[in-house]
Amino acid sequence: RTCRAGMGDSGAADAAASRAESGSTASTRAEVERARWDPRLGDDTAPLVGEWKYPLDKPHGPVMCTSRRVRTGGHPGVDKQIMRKGSAAERTPRDGDTCFVHYDMWRLNASGEEVWSTRRESEPHQIVVGKAIPASDGKRRHHPALYECVRAMIPGERALFRVPPELCYGEAGNFSFPAVPPNCWMLVDVELIGAKRGETMERADMLYEERIERVKSHRTKGNELFRGGDVAAAAREYEMSLSFLTDDMMMQLFGAYLDEAEGEKLPAHLNLCACYLKMERHHDAVDQANRALGVDPTNAKAFYRRGKARRALGQDEAARADLLKALGFSEGASDPAIERELAALDGEERRSSHARRGVWRGLFDPTDDAGVDVDGAKQRLDDVDEVFGKKAEKGDEAGGTRGHGGFFGRVLERLGFVSDVLTSDRGTHA
């Protein structure tokens, strides 16, 4: 705990980060993680690295929390860990506010089964904070838990909460849809996208025209924020826009109404995809591009942006296929931005292919080492020499077949070189 003093200083975080860059050891990574901790969250001890990660069975992998569990100050049984901080300019929601949230909810027991997820459908949920929920309403009996969560958040924040049974399904549990055992605690991952003050009407009670009006309003505001450089706030506006275009409403539309709704839904998905690309949330960018293609299967922008996201993820073949489709669907089958992306991808592939061919040249014929940095490969095998030095000496005495001058030595040299080549190749996608 000696590192507790001054932990909030940016200088400490910068120093820890520079030490981590010079040597990526477990201790320096732990130091960086502790330096990210913000003591204003209400706990006087540094967080434990790896404490309470995001469940590993989720598609995008674990997410490190940036604080230890702290009490929310509301219900005595609720605690939270912050995963992503919100906007300091925003205030905490109050009773009567309409909140736009994404959340996943799991049983906090041995099974860990999922109870709810809005992220799977990419459809943000709307809740009116403090609204009474009848005990007979099985689909919304968990809303008091969400109220308690958002009262301890600010817009833009994402956090994990542990919630006691009395705020969810109580002593009786729920028989089905969802099935929850009696007295079951919940683990809830909540993202507070935004909050509207003084919204007098719930989404379910709105007419079609009222929903479309709000869709356009949020999308227009998102465009202004994006042009102004506030990409995170723009993304939240696009998500709030999409929250009014629910699947159940879209299935009831036809004719001109459906055309208008899809005409609003498509650009919202595309714009949200562009935001995620800038925020380097590439998995989310792929998801939004997929949803845009669900509306318009021949949309060149969707293919192009999905291709860029996949290239950043190192999925080169899938990225190439998307970019070629984007080029085919673009006007005149020509687009400078798409062609530049394809050219960059081709350049990376040529460099990687040349490096891989060079690595294996001379493996079977030691006299054919033209163009291969064998000395560099040998230098990278110093640690191997320390372990296998004695065996190599015996091999040399027996005829030199097991030292670096023989076949297996050349294999080790090439493998060391391949590892470095592949590592640097992956680095191009960062």
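Above this text sits the structure in question.
All values reported here derive from a predicted model rather than from experimental measurement. (Residues numbered from 1 in each chain as written. Predicted model: local features only at pLDDT ≥ 70, side-chain atom pairs only at ≥ 80, totals over all residues. Heavy atoms only, no water.)

**Describing the packing of aromatic side chains**
With the rule as written, the count across this model stands at three aromatic pairs. Ring geometry for Y208 versus Y257: centroids 5.2 Å apart, planes at 90°, classification edge-to-face. Pair noted here: Y208 is in helix 4 (residues 208-227) and Y257 is in helix 7 (residues 255-278), with a separation of 49 residues, a long-range link. Classification of Y257 as partly exposed rests on a relative accessible area of 43%. (Phe/Tyr/Trp six-rings, centres within 6.5 Å; stacked < 30°, edge-to-face > 60°. Helix = DSSP H or I, 4+ residues; strand = E, 2+ residues; numbered from the N terminus. Buried < 20%, exposed > 50% of the residue type's maximum accessible area, 1.4 Å probe, protein only.)

**Details of the pattern of salt bridges**
Inspection of every chain in the model, using the stated rule, returns 26 salt bridges. We note a salt bridge from E264 to R219, for which the minimum N-O separation is 3.0 Å. Taken together, the residues E264 in helix 7 and R219 in helix 4 connect sequence positions 45 residues apart. Salt bridges sharing common partners tie together R84, D104, R119, R158, D189 and E191. (Salt bridge = Lys/Arg side-chain N within 4 Å of Asp/Glu carboxyl O.)

**With respect to helix 9 (residues 300-312)**
Under the 1.5 Å per step criterion, the end-to-end length of helix 9 is 18 Å for 13 residues, consistent within 8% with the ideal 18 Å. Most of helix 9 sits inside the fold, with 10 of its 13 residues counted as buried. Within helix 9, burial applies to A300, A302, F303, Y304, R305, R306, G307, A309, R310 and R311. The residue sitting at the N-terminus of helix 9 and contributing the capping side-chain oxygen is N299; that oxygen lies 3.1 Å from the backbone nitrogen of K301. (Expected span 1.5 Å × (residues − 1). Polar contact = N/O pair within 3.5 Å; in protein donor to acceptor, adjacent residues only side chain to side chain.)

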